[in-house]
Amino acid sequence: GLVAHLARAGVDMRQHTAAAGFSRTGHKVDALETTAGRIEGDRFLIAAGAWSGVLSRRAGFPLPIQAAKGYSVTIESTQGSGVALPLYLGEAKVACSPFVGAFRVGGTLELSGLNSNLDARRLTAVRRGVERYLPGCATGKGEVEWVGARSFAPDGLPVIGRIPGYDNLYVATGHGMLGVTLAPATAVAISELMRLGETTADLSPFDPGRFGRARNAVA
């Protein structure tokens, strides 16, 4: 749905295209170097989740973003789980999401770097947590096990703003376990900053400059 909306809005999406680095002149980025060629622009935003630190390092400003992995299992079911609304099991620290014909459970936070390795012990812990409250809901046929990385900053705050040493390079990352929740407000704030040079929201607590100064860019 999001992809379709962006397409209708005229957004040029480059799928299966990896960002390799930046080309700069002075304090401005001229282009993004990718595996599919050079992309020029007036303003650039790093919003690559857990991979944002990798990209910022290639711009000469190594943000200390950590990848915090979360695990989930989606269980297909023709009868449903009996759960009508999303639940968060606070003591077990597990989230439950009902779908049409499926039920998803997810949780944990693993700091093991940027990788997609799946630790079966963590999935077992998630299932065990659900079983305490919703017996029989965390197992079934057609299960899909999944792992994904959230972006975390050392101080627990998002990183939103212009990257020091640049006039036209910005970043929006580090939202931790609230990425989907905070995405709309972040989008409004960072778009205002990039277009107008100021925002109606106070972004000073999230300033990337709190982590130091920019170094020489590496393309």
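Since the model is a prediction, treat every value here as computed from it, not as a measurement.

Caption draft 1: A look at the overall build of the protein chain. Scanning the protein chain for helices and strands turns up four helices and eleven strands. Principal axes of the C-alpha set define a box for the protein chain whose edges measure 60 × 40 × 35 Å. Within the span of the protein chain, comprising 219 residues, buried residues form 34% of the whole. Taking contacts inside the protein chain between residues at least 6 apart in sequence as the whole, the part at least 24 apart equals 65%. Per element, the accessible surface of the protein chain, about 12,800 Å² overall, is 55% carbon and sulfur. Where the 23 positive side-chain charges of the protein chain centre and where its 18 negative ones centre are 4 Å apart.

Caption draft 2: Just the pattern of salt bridges, in detail. Summed over the entire model, instances satisfying the criterion amount to ten salt bridges. The residue Arg 38 makes a salt bridge to Glu 40 at a minimum N-O spacing of 3.3 Å. Overall, the relative accessible area of 44% leaves Arg 38 in the partly exposed class. What makes Glu 40 exposed here is its relative accessible area of 59%. Each of the salt bridges in this network shares a partner with another, and the network as a whole consists of Glu 33, Arg 38 and Glu 40.

Caption draft 3: The nonpolar core, seen in detail. Within the largest apolar cluster, 17 residues are counted, with the highest numbers of intra-cluster contacts made by Val 94, Cys 96, Phe 103, Val 105, Val 130 and Leu 134. Within the residue set of this core, elements represented by two or more residues are strand S5 (66-76), strand S7 (94-99), strand S8 (102-111) and helix H3 (120-133). With 16 residues, the next largest nonpolar core counts Phe 22, Val 29, Leu 55 and Tyr 166 among its residues.

Caption draft 4: The sheet that holds strand S3 (residues 37-40), seen in detail. Ordered in space as S1-S2-S3, the three strands form an open sheet in which the pairing is antiparallel. Strands at the two margins of the open sheet, each flanked by one partner only, are strand S1 (19-25) and S3. Pairs of neighbouring strands in the sheet enclose a mean axial angle of 30 degrees, with direction left out of account.

Caption draft 5: Region of interest: the sheet that holds strand S4 (residues 44-46). The strand order S4-S11-S10 describes an open sheet built from three strands, whose pairing is mixed. In this open sheet, the two edge strands, each paired with only one partner strand, are S4 and strand S10 (159-162). On average, adjacent strands in this sheet sit at an angle of 20 degrees to one another, irrespective of strand direction. Looking at chain direction, S4 and strand S11 (residues 169-173) are connected through three bridges and run parallel. When the sheet's bridge partners are listed, Leu 45 is paired in S11 with Tyr 170.

Caption draft 6: Quick look at the environment of Tyr 170. Relative to the helices and strands, Tyr 170 resides in strand S11. Separated by 21 residues in the primary sequence, Tyr 170 and Ser 191 place their C-alpha atoms 10.0 Å from one another. Not counting the four nearest positions on each side in its chain, Tyr 170 is found in contact with Phe 44, Leu 45, Ile 46, Gly 161, Arg 162, Ile 163, Ile 190, Leu 193 and Met 194.

Caption draft 7: The arrangement of the pairing of S5 in detail. With nine of its eleven residues buried, S5 lies for the most part within the structure. In this structure, S5 lies alongside strand S9 (residues 144-152), joined through nine bridges in antiparallel fashion. The residue of S9 that forms the bridge with Gly 70 is Gly 148. Of the strand pairs in this sheet, S5 and S8 are connected by eight bridges, and their pairing is antiparallel. Paired with Val 73 across the strands is Val 105, a residue of S8.

Caption draft 8: Local environment of a nonpolar patch on the surface. Taken together, the side chains of Val 3, Val 11 and Met 13 make up a nonpolar region of the molecular surface, amounting to roughly 220 Å² of accessible area. Note on placement: Val 3 falls in helix H1 (residues 2-8).

Cut-offs applied
- Residues numbered from 1 in each chain as written.
- Predicted model: local features only at pLDDT ≥ 70, side-chain atom pairs only at ≥ 80, totals over all residues.
- Heavy atoms only, no water.
- Helix = DSSP H or I, 4+ residues; strand = E, 2+ residues; numbered from the N terminus.
- Buried < 20%, exposed > 50% of the residue type's maximum accessible area, 1.4 Å probe, protein only.
- Contact = heavy atoms within 4.5 Å.
- Areas by Shrake-Rupley, 256 points an atom, 1.4 Å probe, with all protein chains shown as cover.
- Lys, Arg positive; Asp, Glu negative; His and termini not counted.
- Charge placed at Lys NZ, Arg CZ, Asp CG, Glu CD.
- Salt bridge = Lys/Arg side-chain N within 4 Å of Asp/Glu carboxyl O.
- Core = buried A, V, L, I, M, F, W, Y, C linked by side-chain atoms within 4.5 Å.
- Pairing = 2+ DSSP bridges.
- Axes fitted to C-alpha atoms, helices over the stretch in contact; angles between N-to-C directions.
- Patch = residues over 30% accessible without salt bridge, like charges linked within 9 Å, V, L, I, M, F, W, Y side chains within 5 Å.

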